[in-house]
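# Coordinate inspection notes
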Amino acid sequence: MKRKALLFVLVMGSCLGTASAQFGSGIVYDPTNFQNALLRYQQLQQHLTQLQKSYAQITNQLNLARQMATFIRNMPARYRAVFSQWRNVTSLNTFGNTGSWINGINSGLLSTINTGYQKSTTQLLPYSPDHLSGMDPFELDRVQSQYASVELADGANMNAMATIGSIRGSAQDIQTQIANLEQDSFSNDSDLNSEVSVLNKINAAGVLTLRTLQDSNKLLASLLEQQTILAKQQREATTNAINVDISRQANLSVNLSQVTSTLTSSLQNFRMP
């Protein structure tokens, strides 16, 4: 209140100073100057009120910014955990036919995988043209279907090995990126805890999550492919059994008809000596 009164007196003095009497040293009252002084005083009050509101708003924003910039202390001790490390598969190589398999499934190199798979599995021998030409249509369809099952299984197995090898081959790099992200997240450096830095780390974590989900989908697709081939093999076994039964029933009817006709003829032609 004292500041406001002093301000009013100063304003009034400055306004009334120009209204001095031309005759003598007295002060002449001028209603216009007095009204202008009051308007200026009201404007100053409004300006002061606006400045106080702006100051309060800026102070609140500053306090919020300081609060948002405050990070948890000792985050590594509170949240850091130890996880298992990726390990490559190992195997004995007694007959020298597993080394390429191991190298391929750890690296994902297709040429190494193909060589290792061929060395470690029993090779499927081809039928000769004479054997195929001597088969009846039913037997030929069965042989071709079983042959296709083995070839499809070989392709699915090598594809699964390539998927596993690709994941294992890049596992160390992904582990390094995750470790960098973890280190930056637990850092006390203010530059790494700004709003933009935090958003960048969130984006990086999202990308790593998507990559991991993509690898998981690849593995699931390989498993589904192998399950599909197994279902095909089971279907072949069931279908072959049904077809054999149908063929047996058909042959049985023909054989019974032949036996019956032969037996009737034999009984009719039978004579006692």
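Preceding this section is the structure that the text describes.
Rules behind the numbers
- Residues numbered from 1 in each chain as written.
- Predicted model: local features only at pLDDT ≥ 70, side-chain atom pairs only at ≥ 80, totals over all residues.
- Heavy atoms only, no water.
- Helix = DSSP H or I, 4+ residues; strand = E, 2+ residues; numbered from the N terminus.
- Buried < 20%, exposed > 50% of the residue type's maximum accessible area, 1.4 Å probe, protein only.
- Contact = heavy atoms within 4.5 Å.
- Areas by Shrake-Rupley, 256 points an atom, 1.4 Å probe, with all protein chains shown as cover.
- Salt bridge = Lys/Arg side-chain N within 4 Å of Asp/Glu carboxyl O.
- Core = buried A, V, L, I, M, F, W, Y, C linked by side-chain atoms within 4.5 Å.
- Patch = residues over 30% accessible without salt bridge, like charges linked within 9 Å, V, L, I, M, F, W, Y side chains within 5 Å.
- Phe/Tyr/Trp six-rings, centres within 6.5 Å; stacked < 30°, edge-to-face > 60°.
- Expected span 1.5 Å × (residues − 1).
- Axes fitted to C-alpha atoms, helices over the stretch in contact; angles between N-to-C directions.
- Parallel < 35°, antiparallel > 145°, perpendicular 65-115°, else oblique.
- Left-handed = near helix turned anticlockwise from the far one by under 90°.
- Nonpolar A, V, L, I, M, F, W, Y, C, P; charged D, E, K, R; others polar.

### Section: the overall build of the protein chain
Of the regular secondary structure elements, the protein chain holds nine helices and zero strands. Secondary structure of the protein chain in N-to-C order comes out as α-α-α-α-α-α-α-α-α. Looking at the protein chain as a whole, 16% of its 273 residues qualify as buried. Long-range contacts, defined as pairs at least 24 residues apart, comprise 63% of the intrachain contacts of the protein chain with a sequence gap of at least 6. Accessible area of the protein chain: about 21,100 Å², with a carbon and sulfur share of 59%.

### Focus on the pattern of salt bridges
Counting across every chain of the model gives three salt bridges. A salt bridge links Glu-139 to Arg-142, with the nearest nitrogen and oxygen atoms 2.1 Å apart. Highlighted residues: Glu-139 and Arg-142, both in helix α7 (residues 137-169), separated by three residues, approximately one helical turn. Given the relative accessible area of 24%, Glu-139 is considered partly exposed. For Arg-142, a relative accessible area of 25% translates into the label partly exposed.

### Some details on the nonpolar core
By size, the foremost hydrophobic cluster in this structure holds six residues: Ile-105, Ile-113, Tyr-117, Met-158, Met-161 and Ala-162. Secondary-structure elements contributing two or more residues to this core are α5 (110-120) and α7. Broken down by element, the residue count for this core peaks at three residues, all from α7. When residues no more than four places from it in sequence are discounted, the contact partners of Tyr-117 are Trp-101, Ala-153, Asp-154, Asn-157, Met-158 and Met-161.

### Here's the deal with a nonpolar patch on the surface
Together, Val-198, Leu-199 and Ile-202 make up a nonpolar patch on the protein surface, roughly 250 Å² of accessible area in all. Tracing the backbone through its elements, the reader meets Val-198 in helix α9 (residues 195-268). Val-198 gets classed as partly exposed once you look at its relative accessible area, which sits at 33%.

### Section: the packing of aromatic side chains
Counted according to the given criterion, the structure contains two aromatic pairs. Relative to Tyr-117, the ring of Trp-101 lies with its centre 5.9 Å away and its plane at 20°, an arrangement referred to as stacked. With a gap of 16 residues between them, Trp-101 in helix α4 (residues 99-107) and Tyr-117 in helix α5 connect regions that are remote in the sequence. The class of Trp-101 is partly exposed, set by a relative accessible area of 27%. Taken together, a centroid distance of 6.2 Å and an interplanar angle of 50° make the contact between Tyr-127 and Tyr-147 tilted. With Tyr-127 in the loop between α5 and α6 (129-133) and Tyr-147 in helix α7, this residue pair connects regions lying 20 residues apart in the sequence.

### So, the side chain of Ser-100
Along the chain, Ser-100 falls in helix α4. Of the residues examined, Ser-100 reaches a relative accessible area of 18% and is grouped as buried. Leaving out residues up to four positions away in the same chain, Ser-100 has contacts with Thr-112, Thr-115, Gly-116 and Lys-119.

### A closer look at helix α2 (residues 31-69)
Its 39 residues give α2 an end-to-end C-alpha distance of 57 Å, which sits within 8% of 57 Å, the value for a rise of 1.5 Å per residue. Buried residues of α2: Asn-33, Ala-37 and Tyr-41, and no others.

### Remarks on the packing of α5 against α7
At a minimum axis separation of 10 Å, α5 and α7 run at an interaxial angle of 135°. Taken together, α5 and α7 sit at an angle that is classed as oblique. Pair α5 / α7 crosses with right-handed handedness. Residues Leu-110, Ile-113, Asn-114 and Tyr-117 of α5 touch α7, and the partners they reach there are Ala-153, Asp-154, Asn-157, Met-158, Met-161 and Ala-162. Along the lines of polarity and charge, the residues of the contact of α5 with α7 split into seven nonpolar, two polar and one charged.

### Looking at the packing of α4 against α5
The interhelical angle for the contact between α4 and α5, taken along N-to-C directions, is 145°, at an axis separation of 7 Å. Crossing hand, α4 versus α5: left-handed. Between α4 and α5, the contacting residues are Ser-100, Trp-101, Asn-103, Gly-104 and Ile-105 on the first element and Thr-112, Ile-113, Thr-115, Gly-116, Tyr-117, Lys-119 and Ser-120 on the second.

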